[in-house]
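# Geometric and topological summary
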Amino acid sequence: MTSSMATSVVPNKRLGARRWRVGFGEGAKHLVVVFIVLVQLMPLGFMLLISFKSSAQFLQNPFGLTWPFQLQNYTAVWPLIARPLFNSVLYGLTTAVGSVMVASISAFVLARYQFPGRELLYYAIIMLLMIPGIMNLVPAFLIVVRLHLYNTPWAIILPGVAGGQVMAIFLLRTFFGALPEDLFEAARIDGASMFQTYAKIALPLSFPIIFTAGLLQFFAAFNDFIWPSVVITAAQWTPITVAVDQMSGQYGGPIGPEMAAYTIASLPLLVLFALTSRQFIRGMISGAIKM
Amino acid sequence: MHLLKARWLYLWLVPTFVLLAIFSYWPPILSLITAFYHDTGGTGIGSRYFVGLANFRYIFSDPTFYLALIHIAILTFVPLVLSLFVNILIAEILFHMKSRWWAGFYRFLIMVPMVTPAIVGTLVWSFFYSPVDGLLNILLGDLGLQQYEHAWLANNHYALAALLFMGIPFLWGLGALIVLAGLQGVPDSVFEAAALDGATGWRRIRQIDLPLVSGQIRLLIIIGIIGGLQNFFQPLIMTQGGPDNATMVPGLMMYQWAFDSGSGIPQYGLATAMGTLLFVGILGLTIGLNRFVRSRADL
């Protein structure tokens, strides 16, 4: 914005030279961004394109549009991935709701009350954001086996809630802490219990940030691959990410249905993102920056 | 702030800390303990016994480990450098774009790969590289470059490069948006003052913008290094570390010892020893780097 102001005060004859020194004209900016975005979206573009092709159409014309669209690629794979898709939504929702519930209670207490050890407990939580997660994979698996959670949905949900609440506590504590104390003081004078001040005042006021925290958790749980592939072998509890991996790699098999399955696996999050991009982006950025 | 009977307050924190104790605090400790054992996960005699530092000694005497370190260094730092350049470029362009609507639209688009399951992108690239019906070989054939067709992921010379190349265009949506948010957080008066001083174009970017978002850039570097060194996702899905360990990385060695050992007998001792080593290495590097970059920025 300011650079355009600077150029606009330059006499006309020098405008061209000045623009060059600014680096890009407006059109060049679009050109560069569009090029990079196209390259970035290329794999997804080919996935969508080929998901509508029969094997013959793919051999004939792999790069272009071919008619008619083979919608049966989708109907063919749907029975194979309907249940995994349901499982993934289930894991996403339960981890999101669970971690936000647990986190909001703790964040509320840590933000609004003064008690011995408060800061120590808070740092014991948020230091987990700094810890490289790779070390936990094998021992967490051993723990899950020991607790007889192996091959049950709890093997995904409980560790998901445990890990997910950390970021949520982090986001929510900051928010709860910034609420004016008068609100809570007034409620207390009116005889509201601690739980009432939490449920009736703190929660409603912080709905947007709670939604954002839950949203991040849903995406993380839905996208997860390595952990579920390690703790779930039962077909009935397989999430979609693991299911599409199992479908793939059958070299020589028809590629269209495979791509259709990938497309279906990508759709829920894309739709959710399209509906909530503002909260999602804000949450991701504030989560990352505060780290 | 309100003072209440403290005992009740601690009760409210119980769910959080019970979950953390089981799934966040105990695993690192268990990892450190198991690293000193031979542990195959069985319950019979001889399935678990103390071995001291033998697991660590084994790892450090394993030539594959050093190969894996080189691979992970390449897979982390090459994309990191490229992505810093691309992310800053995109952030600058979006920040200076006149049309807010288009900037918002692009901001949405560059986030799309981040919200697509990583497994999908990885499998699609696997298909691109496939020797049978992969698009890359088809494209080379169509261009008359048959002699350059390869089984990309099954070829010693190309497998690692193939894993690098799939990062193209090295745009990490969130990274660009973090830099963009940094630029947007700078008061307009700073830029106006810079403009009055005649700082425009590349000079302004170099001397005004970049120093102002150095904190964000440092964050990108740290996230990139932490994430990169731990990563074994693409080798796991696409090559299983092969061919002939050409794409083996430390995280995958750990994974295979625990979950996919050739003998079918898990080696939890070796796996947790590797996990512990990675943890120490990454944490040390993060802290060191944080200090180094900060002291440089303060100059």
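The rules behind the values
Residues numbered from 1 in each chain as written. Chains lettered and ligands numbered in written order. Predicted model: local features only at pLDDT ≥ 70, side-chain atom pairs only at ≥ 80, totals over all residues. Helix = DSSP H or I, 4+ residues; strand = E, 2+ residues; numbered from the N terminus. Buried ≥ 20, exposed ≤ 12 C-beta atoms within 10 Å, placed from the backbone. Contact = placed C-beta atoms within 7 Å. Rg over C-alpha atoms; globule rule 2.2 N^0.38 Å. Core = buried A, V, L, I, M, F, W, Y, C linked by C-beta atoms within 7 Å. Domains from an automatic or database assignment. Axes fitted to C-alpha atoms, helices over the stretch in contact; angles between N-to-C directions. Parallel < 35°, antiparallel > 145°, perpendicular 65-115°, else oblique. Nonpolar A, V, L, I, M, F, W, Y, C, P; charged D, E, K, R; others polar. pLDDT = per-residue confidence, 0-100.

### Structural notes on the overall build of chain A
Counting its regular elements, chain A contains 14 helices and zero strands. In sequence order, chain A lays out its α and β elements as α-α-α-α-α-α-α-α-α-α-α-α-α-α. Expressed as a percentage of its 291 residues, the buried residues of chain A come to 44%. Excluding contacts between residues fewer than 6 apart, the proportion of contacts in chain A whose partners are at least 24 apart in sequence is 77%.

### A word on the overall build of chain B
Helix and strand content of chain B: 15 helices and two strands. Taken against the 2.2 N^0.38 rule, which gives 19 Å for 299 residues, the C-alpha radius of gyration of chain B at 24 Å runs more than 25% over that of a compact globule. Taken along the three principal axes of its C-alpha coordinates, chain B extends 80 × 80 × 35 Å. Looking at chain B as a whole, 40% of its 299 residues qualify as buried. Pairs at least 24 residues apart make up 68% of the contacts formed inside chain B by residues separated by at least 6 positions.

### Describing the nonpolar core
By size, the foremost hydrophobic cluster in this structure holds 149 residues, and its most contacted members are Leu172(A), Val244(A) and Ile90(B). When we break this core down by domain, the ones giving at least three residues each are domain 1 (2–51) and domain 2 (73–290) of chain A. Look past the residues within four positions of Ile90(B) in its chain and what remains in contact with it is Val33(A), Ile36(A), Ile110(B), Leu171(B) and Ala176(B).

### A few points about unusual backbone geometry
Across the junction of Trp67(A) and Pro68(A), the peptide omega takes the value -10°, indicating a cis bond. Among the secondary structure elements, Pro68(A) is positioned in the loop between α4 (55–60) and α5 (72–112). Omega for the bond connecting Ile168(B) with Pro169(B) falls within 30 degrees of zero, at 5°, which places this linkage in the cis form.

### What to know about the interface of chain B and chain A
Counting residues at the interface gives 86 residues for chain B and 79 residues for chain A. Residue contributions to the side of chain B that touches chain A peak at 13 residues, all from helix α2 (residues 14–34) of chain B.

### Looking at the packing of α5(A) against helix α13 (residues 240–247) of chain A
All names here are of chain A. Their axes nearest at 8 Å, the elements α5 and α13 cross at an angle of 150°. By the angle class used here, α5 and α13 are roughly antiparallel. Contacts from Leu80, Ile81, Pro84, Leu85 and Ser88 in α5 reach Ile240, Ala243, Val244 and Met247 in α13. The class makeup of the residues in the contact of α5 with α13 is eight nonpolar, one polar and no charged.

### Considering the domain arrangement of chain A
Looking at the assigned domains, one finds that chain A contains domain 1 (2–51) and domain 2 (73–290). Of the residues lining the interface, four residues belong to domain 1 of chain A; the matching set on domain 2 of chain A comes to seven residues.

### What to know about the packing of helix α3 (residues 26–51) of chain A against helix α6 (residues 118–129) of chain B
Contact geometry for α3(A) and α6(B): axes closest at 10 Å, N-to-C directions at 75°. Considered as vectors, α3(A) and α6(B) are oriented roughly perpendicular to each other. Contacts from Pro43(A), Phe46(A) and Met47(A) in α3(A) reach Gly121(B), Val124(B) and Trp125(B) in α6(B). Taken together, the residues that form the contact of α3(A) with α6(B) break down as five nonpolar, one polar and no charged.

### Describing the confidence of the model for chain B
As a note on interpretation, predicted positions should not be read in detail where pLDDT is low. Counting all residues, the mean pLDDT for chain B is 88, and 96% of those residues have values of 70 or more. Per-element confidence in chain B is highest for helix α3 (residues 54–60) of chain B, whose mean pLDDT is 96, and lowest for helix α1 (residues 6–12) of chain B, whose mean pLDDT is 80.

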